[in-house]
Amino acid sequence: VYWFYPITILGIVFCVSLAESIRSAKWVAKVVAHAGSISFHIMALHFAVFKCFDLFVGKFLGVDLAARMRFPYTFDRIGWLYTILGIGIPVLWVYLLRRVKNHLQNRK
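Being a predicted model, the structure only gives us computed values, none of them experimental.

### Re the overall build of the chain
And step 1. Scanning the chain for helices and strands turns up 5 helices and 0 strands.
And step 2. Reading the chain from its N end, one meets helices and strands in the order α-α-α-α-α.
And step 3. Relative to the 2.2 N^0.38 estimate, which gives 13 Å for 108 residues, the radius of gyration of the chain is 19 Å and therefore markedly larger than a compact globule would have.
And step 4. Counting only C-alpha atoms, the chain reaches 55 × 50 × 20 Å along its principal axes.

Below, the structure written as structure tokens:
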């Protein structure tokens, strides 16, 4: 109970420092701003990405369907890949959809 305030202050200092670091690198700032603007899409799609990845890789590796349906994901040793795909694919998906939409609107 005594560590609540010191840890809270350290967390705030960490977040402010991280924000300053992100702001100093322009391309990182753009990526983070884009991901933040579509955070709803990321939250909505990340489990679907997990399960599609599980179905595809499980089928390729010959893992039975019951094992592929483990929640939240099937392959524990590559949890880092689920994080990358669960964020990266929705970001890429929304980016590409917006590009197509802008292209179609500009053609008219």
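### Things to note about the packing of helix α2 (residues 26-37) against helix α5 (residues 79-107)
Two packed helices can be described by the angle between their axes and the distance between those axes.
And step 1. Close contact between α2 and α5 brings their axes to 10 Å; oriented N to C, the two are set at 85°. Comparing the axis directions of α2 and α5 gives the class roughly perpendicular. Contact residues: α2 offers His34, Ala35 and Ser37, while α5 offers Val91, Tyr95 and Arg98.
And step 2. When the residues that make up the contact of α2 with α5 are grouped by side-chain class, the tally is 3 nonpolar, 2 polar and 1 charged.

### Some details on the pattern of salt bridges
And step 1. Within the structure shown, the criterion is met by 2 salt bridges.
And step 2. The partner of aspartate 54 in a salt bridge is lysine 51, and the shortest N-O contact between them spans 3.0 Å. Residue aspartate 54 and its partner lysine 51 are located together in helix α3 (residues 39-61), separated by 3 residues, close to a single helical turn.
And step 3. Residue class for aspartate 54 comes out buried when judged on its relative accessible area of 0%.
And step 4. Residue classification places lysine 51 among the partly exposed positions, given a relative accessible area of 21%.

### Some remarks on the nonpolar core
And step 1. Listed in full, the 5 residues of the largest apolar core are Phe50, Phe53, Val57, Phe75 and Tyr82.
And step 2. The biggest single contributor to this core is α3, with 3 residues.
And step 3. With near-sequence residues (within four places) excluded, phenylalanine 50 lies in contact with Pro72, Tyr73, Tyr82 and Gly86.

Procedures and definitions
- Residues numbered from 1 in each chain as written.
- Predicted model: local features only at pLDDT ≥ 70, side-chain atom pairs only at ≥ 80, totals over all residues.
- Heavy atoms only, no water.
- Helix = DSSP H or I, 4+ residues; strand = E, 2+ residues; numbered from the N terminus.
- Rg over C-alpha atoms; globule rule 2.2 N^0.38 Å.
- Axes fitted to C-alpha atoms, helices over the stretch in contact; angles between N-to-C directions.
- Parallel < 35°, antiparallel > 145°, perpendicular 65-115°, else oblique.
- Contact = heavy atoms within 4.5 Å.
- Nonpolar A, V, L, I, M, F, W, Y, C, P; charged D, E, K, R; others polar.
- Salt bridge = Lys/Arg side-chain N within 4 Å of Asp/Glu carboxyl O.
- Buried < 20%, exposed > 50% of the residue type's maximum accessible area, 1.4 Å probe, protein only.
- Core = buried A, V, L, I, M, F, W, Y, C linked by side-chain atoms within 4.5 Å.

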